Amino acid sequence: MSVLPLAFTSAWASGINAYAVVLLLGLFGVTGVSDEVPAALQRTDVLIAAGVLFLCEAVADKIPYVDSLWDSVHTVVRPVAGAVVAALIAGESGSLPEVAAGVLGGSTALMSHLVKAGTRMAVNTSPEPFSNIGVSLAEDLGVAGIITFAIFHPVAAAVVAACLLLAGIVTVVFLASRIRRFLRRRAQRREERRLAGEGARHGPGL
């Protein structure tokens with residue numbers, strides 16, 4: 001069970017930014033900082049792909065509404081990434097069954113992803129774009145910090161990740177009404193665009 005804290009923390013971080021987790025873990029493994037990083041994450045092609053996708057996310061995640069669209073696309077990607085990373089970490093040490101680690105990683109990543117997506121919906125109700133940039137930077141730095149911390153102090157990092165997950169769930173529940181208003185406004189805008197498009201096709205007086 002010695003790898004459980006690292007697997008849990010990596011899964012939580014994967015729900016926020018899976019590409020950053022894969023990139024950081026891979027770099028820690030390649031540079032010899034940690035012996036617990038799976039060899040699969042240290043491959044050059046994996047590091048390049050993770051780096052490119054991380055840069056794409058770094059841009060998309062800071063644009064209002066684009067960030068929510070990006071989150072929607074990654075509703076499957078992040079939990080799968082969390083499950084795979086956790087299973088690989090377990091397989092590297094052999095101290096935790098890979099299936100159990102995968103289930104733990106996938107469910108944890110899904111919960112943290114839903115917290116992230118819900119928070120972004122609430123942030124997008126603000127008309128200015130600076131809050132998106134601030135939240136995105138905080139998430140990027142938080143993922144980098146918690147993964148680095150987990151390499152050296154896995155148990156303490158897991159406790160921090162669990163507290164952040166719980167706090168995130170409470171925050172999303174608190175912001176639920178704001179999120180519902182955001183969804184209603186978005187549906188209303190779509191309906192207005194649809195009606196405007198139909199009016200343009202039929203022309204005046206028809």
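About the cut-offs
Residues numbered from 1 in each chain as written. Predicted model: local features only at pLDDT ≥ 70, side-chain atom pairs only at ≥ 80, totals over all residues. Heavy atoms only, no water. Helix = DSSP H or I, 4+ residues; strand = E, 2+ residues; numbered from the N terminus. Buried < 20%, exposed > 50% of the residue type's maximum accessible area, 1.4 Å probe, protein only. Areas by Shrake-Rupley, 256 points an atom, 1.4 Å probe, with all protein chains shown as cover. Patch = residues over 30% accessible without salt bridge, like charges linked within 9 Å, V, L, I, M, F, W, Y side chains within 5 Å. Salt bridge = Lys/Arg side-chain N within 4 Å of Asp/Glu carboxyl O. Expected span 1.5 Å × (residues − 1). Arc of directions from axis to C-beta. Axes fitted to C-alpha atoms, helices over the stretch in contact; angles between N-to-C directions. Parallel < 35°, antiparallel > 145°, perpendicular 65-115°, else oblique. Left-handed = near helix turned anticlockwise from the far one by under 90°. Contact = heavy atoms within 4.5 Å. Nonpolar A, V, L, I, M, F, W, Y, C, P; charged D, E, K, R; others polar. Core = buried A, V, L, I, M, F, W, Y, C linked by side-chain atoms within 4.5 Å.

Caption draft 1: Focus on the overall build of the chain. A count of helices and strands for the chain gives seven helices and zero strands. For the chain, the α and β elements follow one another from N to C terminus as α-α-α-α-α-α-α. Referenced to the eigenvectors of the C-alpha coordinate spread, the extents of the chain come out at roughly 75 × 35 × 30 Å. Within the chain, the proportion of its 206 residues that are buried is 43%. With the model as given, the accessible surface of the chain reaches about 10400 Å², and the carbon-plus-sulfur share is 73%.

Caption draft 2: Layout of a nonpolar patch on the surface. The grouping of Val59, Ile63 and Val66 at the surface amounts to a nonpolar patch, some 220 Å² of accessible area in total. Within the element layout of this structure, Val66 appears in helix 3 (residues 66–93).

Caption draft 3: Just helix 6 (residues 154–174), in detail. An ideal rise of 1.5 Å per residue puts 30 Å on 21 residues; helix 6 measures up with 30 Å between its terminal C-alpha atoms. Within the sequence span of helix 6, burial applies to Ala157, Ala158, Ala161, Leu165, Gly168 and Val172. An end-on view of helix 6 places all buried positions within 100 degrees of arc, on one side of the element. Structural note: helix 6 exposes Val155, Leu166, Val170, Val173 and Phe174 on the side pointing more than 90 degrees away from its buried face.

Caption draft 4: Highlighting the packing of helix 4 (residues 98–123) against helix 5 (residues 130–152). At a minimum axis distance of 10 Å, the contact between helix 4 and helix 5 shows a crossing angle of 160 degrees. Judged by the angle between their axes, helix 4 and helix 5 are roughly antiparallel. The interaxial crossing formed by helix 4 with helix 5 has right-handed handedness. Contacts between helix 4 and helix 5 involve Lys116, Arg120 and Val123 on the former and, on the latter, Ser131, Asn132, Val135, Ser136 and Glu139. Of the residues contributing to the contact of helix 4 with helix 5, the split by class is two nonpolar, three polar and three charged.

Caption draft 5: Here's a closer look at the pattern of salt bridges. Inspection of every chain in the model, using the stated rule, returns nine salt bridges. As a salt-bridge pair, Arg78 and Glu57 come within 3.2 Å of each other at their nearest N and O atoms. Placement of Arg78 in helix 3 and of Glu57 in helix 2 (residues 44–60) is noted, with a sequence separation of 21 residues between them. Judged on exposure class, the residue Arg78 and its partner Glu57 are both buried. Where Asp61 meets Arg120, a salt bridge forms, and the shortest distance between an N and an O atom there is 2.8 Å. Here Asp61, found in the loop between helix 2 and helix 3, pairs with Arg120, found in helix 4; they are 59 residues apart in sequence, far enough to count as distant.

Caption draft 6: Looking closely at the packing of helix 5 against helix 6. Viewed as axis vectors pointing N to C, helix 5 and helix 6 meet at an angle of 145 degrees, and their least axial separation amounts to 6 Å. Each of Ile146, Phe149, Ala150, Ile151 and Phe152 in helix 5 lies in contact with helix 6, whose residues at this interface are Pro154, Ala156, Ala157, Val160 and Ala161. Residues belonging to the contact of helix 5 with helix 6 are distributed by class as follows: ten nonpolar, no polar and no charged.

Caption draft 7: Quick peek at the nonpolar core. Counting residues in hydrophobic clusters, the biggest one holds 32 residues, and the most contacted among them are Trp12, Ala13, Leu25, Val143 and Ile147. Those elements that place two or more of their residues in this core are helix 1 (4–30), helix 2, helix 3, helix 4, helix 5 and helix 6. Per element, the largest residue contribution to this core is eleven residues, and it comes from helix 1. With residues up to four places along the chain from it excluded, the contact list for Ile147 reads Thr9, Ser10, Ala13, Val21, Leu24, Leu25 and Phe28.

Spatial relationships are all this shows, so hold off on functional conclusions.
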